[in-house]
Amino acid sequence: MNEISNYQEHIDQAIDWAWANLPGLAINLITALIILIVGLYIIGFLNKMIRKFFQKKDYDLALESFLQSFISIALKILLFVLVITQLGVQSSSLIAIIGAAGLAIGLALQGSLSNFAGGVLILLFKPFKVGDFISAQGIDGSVSEITIFYTKLTTFGNQVAIVPNGKLSNDNIINYNALSARRDNVKVGIGYGSNIKDAKDILLQICADNENISKEPVPEVYVDGLGDSSVNLTLRFWADTSVFWPAHFYVIEETKRRFDAAGIEIPFPQRDMHMKGEASKA
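In short, a report on the structure. (Residues numbered from 1 in each chain as written. Predicted model: local features only at pLDDT ≥ 70, side-chain atom pairs only at ≥ 80, totals over all residues. Heavy atoms only, no water.)

1. Side note on the overall build of the protein
Threshold: A run of H or I in DSSP becomes a helix once it reaches four residues, and a run of E becomes a strand once it reaches two; helices and strands are each numbered from the N terminus. To sort residues, take the accessible area from a 1.4 Å probe on protein chains only and compare it with the maximum for the residue type: under 20% means buried, over 50% means exposed, and anything in between is partly exposed. A contact between two residues is defined here by any heavy atoms of the two lying within 4.5 Å. Where accessible areas are quoted, they stem from the Shrake-Rupley method and a 1.4 Å probe; at the residue level, only the protein chains shown are allowed to cover.
Helix and strand counts for the protein come out as eight helices and eight strands. The buried share among the 282 residues of the protein stands at 28%. Once local pairs closer than 6 in sequence are excluded, the contacts in the protein between residues at least 24 apart make up 63%. When the accessible surface of the protein is summed, it comes to about 19200 Å², and 62% of that surface belongs to carbon and sulfur atoms.

2. Comments concerning a positive patch on the surface
What counts is decided by this rule: Exposure above 30% relative accessible area and the absence of a salt bridge qualify a residue for a patch, where like charges join within 9 Å and nonpolar side chains (Val, Leu, Ile, Met, Phe, Trp, Tyr) within 5 Å. A pairing counts as a salt bridge when a side-chain nitrogen of Lys or Arg comes within 4 Å of a carboxyl oxygen of Asp or Glu. Neither His nor the chain ends is counted toward charge; the positive residues are Lys and Arg and the negative residues Asp and Glu. Every charge is mapped to an atom, namely NZ of Lys, CZ of Arg, CG of Asp or CD of Glu.
A cluster of basic side chains, namely Lys48, Arg51, Lys52 and Lys56, defines a positive patch on the protein surface. Checked against the element boundaries, Lys56 lands in helix α1 (residues 2-56). Its relative accessible area of 73% is what places Lys56 among the exposed residues.

3. A look at the sheet that holds strand β3 (residues 150-154)
Strand-to-strand pairing in sheets goes through backbone hydrogen bonds, with the strands running parallel or antiparallel. Filter applied, for reference: At least two bridges found by DSSP between two strands is the condition for calling them paired. Axis definition: a line fit to C-alpha positions, over the contact stretch in the case of helices; interaxial angles, taken between N-to-C directions, run 0 to 180 degrees.
Sheet architecture is open: five strands sit in the order β4-β3-β2-β1-β5, paired in antiparallel fashion. The outermost strands of the open sheet, each flanked by one partner alone, are β4 (160-164) and β5 (173-175). Neighbouring strand axes in the sheet, compared pairwise and without regard to direction, differ in orientation by 40 degrees on average. Inspection of the sheet shows β3 paired to β4 by five bridges, in the antiparallel sense. The residue of β4 that forms the bridge with Leu153 is Ala161.

4. Here's the deal with the packing of aromatic side chains
Cut-off, in case you're wondering: Note on aromatic contacts: the rings of Phe and Tyr and the six-membered ring of Trp form a pair at centre separations within 6.5 Å, being stacked when their planes are under 30 degrees apart, edge-to-face when over 60 apart, and tilted otherwise.
Under the criterion given, the structure shown has five aromatic pairs. Here the aromatic rings of Phe133 and Phe156 are separated by 5.3 Å at their centres, their planes lie at 45 degrees, and the arrangement is tilted. Taken together, the residues Phe133 in strand β1 (residues 133-136) and Phe156 in the loop between β3 and β4 connect sequence positions 23 residues apart. Considering the side-chain rings of Phe244 and Trp245, the 5.2 Å spacing of their centres and the 80 degrees angle between planes classify their relative orientation as edge-to-face. You can call Trp245 partly exposed: its relative accessible area is 34%. Taken together, the ring pairs connect Phe133, Phe156, Tyr176, Phe244, Trp245 and Phe249 into an aromatic cluster.

5. Brief notes about the sheet that holds strand β8 (residues 231-240)
The sheet built from three strands is open, its strands ordered β6-β8-β7 with antiparallel pairing. The outermost strands of the open sheet, each flanked by one partner alone, are β6 (181-190) and β7 (220-226). The mean inter-strand angle of the sheet, taken between neighbouring strand axes irrespective of direction, is 25 degrees. Sheet analysis places β7 next to β8, joined by six bridges and oriented antiparallel. Residue pairing across strands places Glu220 opposite Arg236, the latter belonging to β8.

Okay, here's the thing in structure tokens:
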């Protein structure tokens, strides 16, 4: 009987605690849910306002995307803290939990923290910006977006390559748009029986006829070497970065067409074979 009385006493205490605390817990839960829903709506609204603000201002696109990502994440973390606090978690306890969780997460996500630091370095030192064509980590492409953790590149094949900022900030990068002009080296071989001067004159005339090729510095042609089956020439010319590739492809196509018209041979590798057999013995 005593055991039954003890059980009944515990049940009564639990019921009394529930009647005393559940209404408050329910109110806190509902309030936290309202804060969460309203907070997400406000964050979405602020993100739209920030995007419109940046669209009206002439800021660096890399800085814009980075700040938008950072502000969005910071606002969501702040909202999380508000919701947890509303549920009854003490601020001191929450700070201790966040500190311990931050340490654990930091150890587990060292790569992500490295990417974040890399993103900050990219924004500070600006080795490239949105729209630049770069070569990095074995990938060639135009920079389409720079976020807090990674950079998006659009390749020649219209593919999206995502490269971590940590690797970009700690490795070699070739920025083809950093300077306003680029120099091209086009190599072409002619036959040993062809006239070198005529070939050089044709190459220089090709450069003179194309408006995309700069006249200063003056295009130059050199004999680059004497190969097994050809005399190798190198044509060097400058072009604005924006029209570099049209100029490059024009020179290659025109070289073949004009060399053919002038009777200048562009040899290809070939071998002479001598057969030894019964006929040669006779």
